[in-house]
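Structure at a glance
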Number of protein chains: 2
Amino acid sequence: MKRRLKIIDRILDALKDCETFAIGGHMRPDGDCIGSQLALAYSLRERGKKVVVWNQDPMPEKLAFLDPRKLLSAPRSGRKFDCVITTDCANYERLGAICDCIEDRGLLINIDHHGSNSRYGNINWVNARSASTGELVYQLLKQASWPITPQIADCLFTAISTDTGSFQYPTTRPATYHAAAELVHKGADIARICNEVYQSFPLSRVRLQKHMYSSFKLTQENQVAYFWIRRRDYARAGAVPDESEGLIDHIRDIEPVKVACLFEEIEPELTRVSLRSKVPAIDVSEIAGSFGGGGHQSAAGARIPGNPRTVQRSILKSIKQALLAANGSAS
Amino acid sequence: MKRRLKIIDRILDALKDCETFAIGGHMRPDGDCIGSQLALAYSLRERGKKVVVWNQDPMPEKLAFLDPRKLLSAPRSGRKFDCVITTDCANYERLGAICDCIEDRGLLINIDHHGSNSRYGNINWVNARSASTGELVYQLLKQASWPITPQIADCLFTAISTDTGSFQYPTTRPATYHAAAELVHKGADIARICNEVYQSFPLSRVRLQKHMYSSFKLTQENQVAYFWIRRRDYARAGAVPDESEGLIDHIRDIEPVKVACLFEEIEPELTRVSLRSKVPAIDVSEIAGSFGGGGHQSAAGARIPGNPRTVQRSILKSIKQALLAANGSAS
């Protein structure tokens, strides 16, 4: 607790002297990233600061309601900032195209909840026990006694809700629910948020789901489920790669499945692999790590070059080994 | 607040003098019903009371983990109880087969959160602002200062989580999140609960989903989505009709869809129709009502005899009319 207050106070002290801000998030930004960025941006603007909010990749349709004034934009070069804040971004490279546009800066503040964070900032607030970066931003605002407007409450509720799988992931702590309670009290509109975020799938996404259900495979006595999305599948569905987010959960949630895996064709010889584990004894971040990726015990990923069939074979082999080790240790 | 404490105190006073209890729930019991029943049962047993827990219909597979000692059973006649408590049951008839087995009783206590509750008990604690009956039982235990064991925390967390759609329904209040926080603090195992309740679809259910995605139709410029489940589809999936629960939400959640409709073949000449509306201007209980069914504005159903093609045509025609009326009134 003391340590946390100390780092928050350091951040708040630093912010005082800065006037111009860029707030950057990771490639393919999700609800936690964007909710955290916008909540910070709204708060700093209220304090009279000049703020830009940048992401390499565009705003997902379902989160657009958080940004009615379209603060969020693609990065532009030639700007100078007293302070750059990154949210939910485990390493500097994941900022993508933002990197080249924030070279002329005073301070870099890195706020994140990924244990694998490479601590690339001048100030690093990395709390891997926090279920979301949104919860950290919430603590920052509380400690600063900055008012939580309904708009800020919407952003932070969205961040926390999406990064806990709607308060279901084991990372969800009592403090997470208390934060949600206060955000709803402060005006977070859960009917609207949940409608936009969870109950409004575009037809393109529905076509991807159809593709998934008609093509997923089960192996290892139904303990492993996997499917492919190739570029032609995206094209047929009229979908962008962003829209695959969360699809993997559908096959993870099949009762006998312990490990779920999604292979996405980025280029003919480059595959993005997403992994989910439903059992504590299988750490998919270890599997992803051995292919140059990373993540958490229960959710991880990697980008793997090479022949797609070889990639699939290698990944499924690693999963099988992890499964054997886990089943062996359980018996 | 005062009124609430008063009714809780009346209940606690009444419980003191009772030794034998039956705790009953509604037909086709859900997570809120069973979680509330079991939490009460565990608490009363801790107080040395004799308790039976009865439901007409069997425990859903996904909730069985809440009842490892199999307290829950079918009702048996010829028993006498100082007190019968019903949870989550809006009227006496919804107790089903329990009714005949609780005639020889002292007191009847009715704890529920349905606004339509008929207040059939000697003491009625009906709070329609509460998102779940589980939240009421939580308040009762708190007020009584009865310890919330991890097992009780599991039951109440399951009750609250399932009846709020995992903290998403607009009924979810700040107090709901605070209750969830304390239940997790008291040992509710959210990893296990969410795994059992939300992340363990049997393969048979997954096959039904596959059937739905490969067969659903869109009409009226994508404002209406519908699909059929025929008896042969259940047979092919190895599924029972219960497993269609919630399937319709997947097509309701398609962005342009305003009304979703599921046709289920009960017999060759008898169709069960389920309807969902996503817009306040369309009241599907009116459509269902005109076919002899009923429900709420946003969720309703009917069982319709006759040729299935004719049933489909009539229902889609009614939906089209409602849509035209709604679009007309909006313009």
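As a reminder, the structure under discussion sits directly above these lines.
Below is a short write-up of the structure. (Residues numbered from 1 in each chain as written. Chains lettered and ligands numbered in written order. Predicted model: local features only at pLDDT ≥ 70, side-chain atom pairs only at ≥ 80, totals over all residues. Heavy atoms only, no water.)

**Comments concerning the relation of the copies chain B and chain A**
Superposition of the two copies of the chain requires a rotation about an axis together with a shift along that axis. When chain B is fitted to chain A, the best match, at an RMSD of 2.3 Å, comes from turning it 179 degrees and sliding it 0.5 Å along the axis. Such a combination of rotation and displacement between the chain copies is what one expects of a two-fold axis. Closest approach to the rotation axis among the C-alpha atoms of chain B is made by B:Tyr177, whose C-alpha sits 2.4 Å away. Counting the interface residues of chain B, we find that 97% of their copies in chain A are interface residues as well, pointing to one common contact surface. (Least-squares fit on C-alpha atoms with pLDDT ≥ 70 in both. Contact = heavy atoms within 4.5 Å.)

**Some words on the sheet that holds strand β6 (residues 123-126) of chain A**
Residues and elements named next belong to chain A. Pairing in this open sheet of six strands is parallel, and the strands run β3-β2-β1-β4-β5-β6 from one edge to the other. Each edge of the open sheet carries a strand with a single partner, namely β3 (72-73) and β6. Across the sheet, helix α3 (residues 133-144) is in contact with β4 (81-87), β5 (105-112) and β6; its angle to β5 comes to roughly 115 degrees. (Pairing = 2+ DSSP bridges. Helix = DSSP H or I, 4+ residues; strand = E, 2+ residues; numbered from the N terminus. Axes fitted to C-alpha atoms, helices over the stretch in contact; angles between N-to-C directions.)

**Notes on the packing of aromatic side chains**
Counting across every chain of the model gives 20 aromatic pairs over all chains. Between A:Tyr226 and A:Phe263, the ring centres sit 6.1 Å apart and the planes meet at 85 degrees, which makes this aromatic pair edge-to-face. Of the two residues, A:Tyr226 sits in strand β8 (residues 224-229) while A:Phe263 sits in strand β9 (residues 259-267), which places them 37 residues apart along the sequence. On the basis of relative accessibility, which here comes to 12%, the residue A:Tyr226 falls in the buried class. Each ring, one from B:Trp54 and one from B:Phe81, has its centre 5.3 Å from the other, and the planes form 85 degrees; the classification is edge-to-face. Here the residue B:Trp54 occupies a position in strand β2 (residues 50-54), and B:Phe81 occupies one in strand β4 (residues 81-87), the gap between them amounting to 27 residues. For the pair formed by B:Trp54 and B:Phe81, the shared burial category is buried. (Phe/Tyr/Trp six-rings, centres within 6.5 Å; stacked < 30°, edge-to-face > 60°. Buried < 20%, exposed > 50% of the residue type's maximum accessible area, 1.4 Å probe, protein only.)

**Quick look at the pattern of salt bridges**
All told, the structure shown has 25 salt bridges over all chains when counted by the stated rule. Two residues, A:Asp233 and A:Arg236, come together in a salt bridge whose shortest N-O distance is 3.7 Å. Here A:Arg236 and A:Asp233 lie together in helix α8 (residues 231-237), a separation of three residues that amounts to about one turn. Among the residues examined, A:Asp233 registers a relative accessible area of 8% and is labelled buried. B:Lys80 is paired through a salt bridge with B:Asp104; the nearest N and O atoms lie 4.0 Å apart. Of this pair, B:Lys80 sits in the loop between β3 (72-73) and β4 while B:Asp104 is found in the loop between β4 and β5 (105-112), placing the two residues 24 residues apart along the sequence. Given the relative accessible area of 58%, B:Lys80 is considered exposed. According to the relative accessible area criterion, B:Asp104 is partly exposed, its value standing at 39%. It is possible to trace a salt-bridge network through shared partners that takes in A:Asp249, A:Arg252, A:Asp253 and A:Arg276. (Salt bridge = Lys/Arg side-chain N within 4 Å of Asp/Glu carboxyl O.)

**Overview of the pairing of strand β1 (residues 20-24) of chain A**
Walk down a regular strand and you will see the side chains alternate between the two sheet faces. Residue and element names in this part refer to chain A. Most of β1 is tucked away: four of the five residues are buried. Sheet analysis places β1 next to strand β2 (residues 50-54), joined by five bridges and oriented parallel. By the bridge assignment, Ala 22 is partnered in β2 with Val 52. For the segment spanning β1, helix α2 (residues 31-46) and β2, crossover handedness is right-handed. For β1 and β4, the ladder comprises four bridges, and the chain directions are parallel. (Right-handed = clockwise from strand over helix to strand, strands pointing away.)

**Concerning the interface of chain B and chain A**
Counting residues at the interface gives 39 residues for chain B and 38 residues for chain A. Carbon and sulfur atoms supply 66% of the area that chain B and chain A bury against each other, a total of about 3300 Å² over both sides. Broken down residue by residue, the surface that chain B buries against chain A is led by B:Gln168, B:Tyr177 and B:Tyr213, which jointly contribute 21%. Between chain B and chain A we count zero salt bridges in total. If you look at where chain B meets chain A, you find eleven residue pairs in polar contact (both at pLDDT 80 or more). Listed by contribution, the elements that provide at least two residues to the side of chain B that touches chain A are α5 (174-185), α6 (190-198), α7 (203-215) and α9 (247-252) of chain B. Among the elements that line the side of chain B that touches chain A, the one with the most residues is α5(B), at seven residues. Partitioning the side of chain B that touches chain A into residue classes produces 22 nonpolar, twelve polar and five charged. (Buried area = accessible area lost by both parts, 1.4 Å probe. Polar contact = N/O pair within 3.5 Å; in protein donor to acceptor, adjacent residues only side chain to side chain. Nonpolar A, V, L, I, M, F, W, Y, C, P; charged D, E, K, R; others polar.)

**Focus: the environment of B:Val84**
Residues and elements named next belong to chain B. Within the secondary structure, Val 84 is located in strand β4. You can call Val 84 buried: its relative accessible area is 2%. In the structure, Val 84 is positioned 33 residues away from Val 51 in sequence and 9.6 Å away in space, judged by C-alpha atoms. Among residues more than four places away in sequence, those in contact with Val 84 are Ala 22, Ile 102, Arg 105, Leu 107, Leu 108 and Ile 109.

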